[in-house]
Structure formats: C-alpha cells, structure tokens
Amino acid sequence: MTFFLCIPEYEAEGYKFEFITVSDIVKSVKKRFSEIDSYQANFKIETKRLEAKNVQHGIIKYKTSDKLLVNFHNPYGLKIISDGKTMWIYIPSMNVVAEQDLQVESGSLFFSQTKSGLSRLFSKYHYKFATKEQPELQKDGTKKYTLLLKQRESRSGYRTLKLWIREDYIITKAHGDTSTGKSVDIEFSNINTDINHPKGIFKFNIPSKARIIKNPIVSEE
C-alpha cells in the first residue's frame, strides 16, 4: 500500500501523525461523486497518435444516475447522450447514430465522471500516487492529488491512466495511453456542482433519416 506522511499534529502526549493512503483518496473520490446530483463543466480533449493531433472541446452535463449529455462545439453537432441505460453517439457529418446498451462497459473517459464509471475504473486498474508528496504542487500554483493507474489485466482500451484530482476530490484532468500508441488528454474546467438539470435533456430523439448502428462496443468480459 502506498502512503505518505501528511500532517504532524502536536498533542499533550506528543506528536500525532496522520497518514493518507491512495485508497483513502479513491474512497473520497467515490464518496464525493455519490453525493453529487448534477454537475456541468467545459471540456477539452487532445488526441495524439504519432505526428497526428486532434483537439475537441465542448460542454458536459451530468445527472444521477449516470445520465450524461456531451455537446461538442468542435466538431460542431457531435453528441454523446446517456439516459443511464442506453448511450447514443450522434455523428452529424456521417448522419449516423451509434446506439449502445450500457450493460456493455464503455471505455470513454467521460464515464469516469459518473458514479458507476468510477467504480468500474478503479476496479479494473491498480493505482498508486504519482509522486511521494501529495497533494502535488501544479504549475498554476494549485495542489492536486495525482494518481497513476495500470490495467489489472491486459485488454483493449487504456493500458495506463493518470488522474488529477482537486482537494475537494473532483477529477479535473485525465491522461490515457493505449497499446496502439494513441494518447488522450481530457481536461475539465468551469466545474459547477450547484446546478439542477432537467431529466428531459438526457433523452435523444434519433433523426428520422439517420443510419443506426446497434451496440458497436464489444464487451470485454
């Protein structure tokens, strides 16, 4: 178990030392997300493979349990919507809708921002602190807990991940690497947990002329 010395507290009998383990941070992150009814954030995704680089951005909205709406501003019109049971990915440039039964696990980093997504994430990976001193001082002067994750079993998807977690246990950034040489960075900003989204925004009306692809994600189980 990875741990580090956090804060020495002086008491009449002497010094009391408090230790925080990486498991403590994971438990606190899970607890924090279980207490959130709704949130909203801006996101930016950078995908790299060899010399190619792609940047996407937009806004993400979440409501318990596992309702998700991801509106892309770039590429414009692309949407990811989940009502907790089904996920739809709408690609307007191709006039295609991927309709996915969420009994099959999603590998999207967006789902690490949901309660069940976090549970799956931490159950599929070994995790440890990225550095000895936690929370770690960032370039912008803030402090964040940084965790390194490695797949427990070799499978498709992200072989390794790094998470940046605020001191209030909200994930603000993730970096993932695949076995095919692709890397993905996703960063969340303007995070608002004091918001109430109507349930209706998590319903998707499939365009009448769109081509539907059923369950394109293959289960890894």
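Residues numbered from 1 in each chain as written. Predicted model: local features only at pLDDT ≥ 70, side-chain atom pairs only at ≥ 80, totals over all residues. Heavy atoms only, no water.

Visitor: Is there a simple way to think about the confidence of the model for the chain in this case?
Guide: Interpreting fine coordinate detail is not advised for predicted regions of low pLDDT. Within the chain, residue pLDDT values average 85, and 84% of them lie at 70 or more. Between the elements of the chain, mean pLDDT differs from a low of 40, seen in strand β1 (residues 3-11), to a high of 96, seen in strand β11 (residues 143-151). Here residues 1-13 is modelled with pLDDT under 50, and outside its nearest four sequence neighbours on either side it reaches 31 contacts, counting other chains as well. (pLDDT = per-residue confidence, 0-100. Helix = DSSP H or I, 4+ residues; strand = E, 2+ residues; numbered from the N terminus. Contact = heavy atoms within 4.5 Å.)

Visitor: When you look at unusual backbone geometry in this model, what are you seeing that I'm missing?
Guide: Glycine aside, a negative phi is what most residues show, and trans is what most peptide bonds show. Following Thr 64, the chain continues to Ser 65 via a peptide bond in cis, the omega torsion being -5 degrees. If you trace the backbone, Ser 65 turns up in the loop between β4 (52-63) and β5 (67-74). The phi angle at Asn 190 is positive, at roughly 50 degrees, despite the residue not being glycine. Relative to the helices and strands, Asn 190 resides in strand β14 (residues 182-192).

Visitor: Quick question: what am I supposed to make of the nonpolar core here?
Guide: The tendency in soluble globular proteins is for nonpolar side chains to be buried as a group. Of all hydrophobic cores here, the largest spans 38 residues; its most connected members are Ile 25, Ile 60, Leu 147, Leu 149, Leu 163 and Ile 165. Tallying contributions element by element places helix α1 (residues 22-34) first for this core, with five residues. Setting aside anything within four residues of it in sequence, one finds Ile 25 in contact with Ile 20, Phe 129, Tyr 145, Leu 147, Ile 165 and Tyr 169. The next biggest cluster of nonpolar side chains, apart from the first, holds eight residues, and it includes Tyr 90, Phe 202, Phe 204 and Ala 210. (Core = buried A, V, L, I, M, F, W, Y, C linked by side-chain atoms within 4.5 Å. Buried < 20%, exposed > 50% of the residue type's maximum accessible area, 1.4 Å probe, protein only.)

Visitor: Could you clarify how one ought to interpret the side chain of Ser 38 in this entry?
Guide: With respect to the element layout, Ser 38 can be found in strand β3 (residues 38-49). Setting aside residues up to four positions removed in sequence, Ser 38 forms contacts with Tyr 62, Lys 63, Asn 192, Thr 193, Ile 195, Asn 196 and His 197.

Visitor: Just checking my understanding: could you explain the side chain of Thr 178 for this structure?
Guide: Examined against the element boundaries, Thr 178 turns out to sit in strand β13 (residues 171-178). The exposure class of Thr 178 is buried, given its relative accessible area of 18%. Engagement of the side chain of Thr 178 in a polar contact is seen with the side chain of Thr 180, the distance being 2.8 Å. Once residues lying within four places of it in the same chain are set aside, the contact partners of Thr 178 are Gly 157, Tyr 158 and Arg 159. (Polar contact = N/O pair within 3.5 Å; in protein donor to acceptor, adjacent residues only side chain to side chain.)

Visitor: Explain the packing of aromatic side chains to me, please; I cannot follow it from the model alone.
Guide: The way to describe two aromatic rings as a pair is by their centre distance and the angle between their planes. The tally for this structure, following the rule as stated, stands at seven aromatic pairs. Within the aromatic cluster, the residues linked to one another by ring pairs are Phe 33, Tyr 39 and Tyr 62. Here Lys 173 stacks its cationic end above the ring of Trp 164, 4.7 Å away from the centre of that ring. (Phe/Tyr/Trp six-rings, centres within 6.5 Å; stacked < 30°, edge-to-face > 60°. Lys NZ or Arg CZ within 6 Å of the ring centre and 35° of its normal.)

Visitor: Got a minute to help me understand the layout of surface pockets in this structure?
Guide: Regions of empty space are outlined by a rolling probe, equal in size to a water molecule, passed over the atoms. Counted as a void, the second largest pocket has a volume near 320 Å³. Only β10 (136-137), β12 (158-165), β13 and β14 provide two or more residues apiece to the lining of the second largest pocket. Looking at the lining of the second largest pocket, its residues break down into three nonpolar, three polar and eight charged. (1 Å grid on protein atoms, 1.4 Å probe; cavity = no way out; pocket = protein on both sides within 12 Å on 5 of 7 lines; lining within 4 Å. Points joined across faces, edges and corners; volume = space filled by probe spheres on them. Nonpolar A, V, L, I, M, F, W, Y, C, P; charged D, E, K, R; others polar.)

Visitor: Help me understand the pairing of β11 in this model?
Guide: Here strand β9 (residues 125-129) pairs with β11 via five bridges, running antiparallel. Bridged to Phe 129 within β11 is Leu 147. Pairing geometry for β10 and β11, over two bridges, is antiparallel. Pairing of Glu 136 across the sheet is with Lys 144, part of β11. (Pairing = 2+ DSSP bridges.)

Visitor: In this structure, what is going on with α1? I would like to understand it.
Guide: Since one α-helical turn is 3.6 residues long, residues separated by three or four positions face the same way. The end-to-end C-alpha distance of α1 is 19 Å, a good match for the 18 Å that 13 residues give at a rise of 1.5 Å each. Buried within α1 we find Val 22, Ser 23, Ile 25, Val 26, Val 29 and Phe 33. The arc enclosing the buried residues of α1, seen along the axis, measures out at 160 degrees, which places them on a common side. (Expected span 1.5 Å × (residues − 1). Arc of directions from axis to C-beta.)

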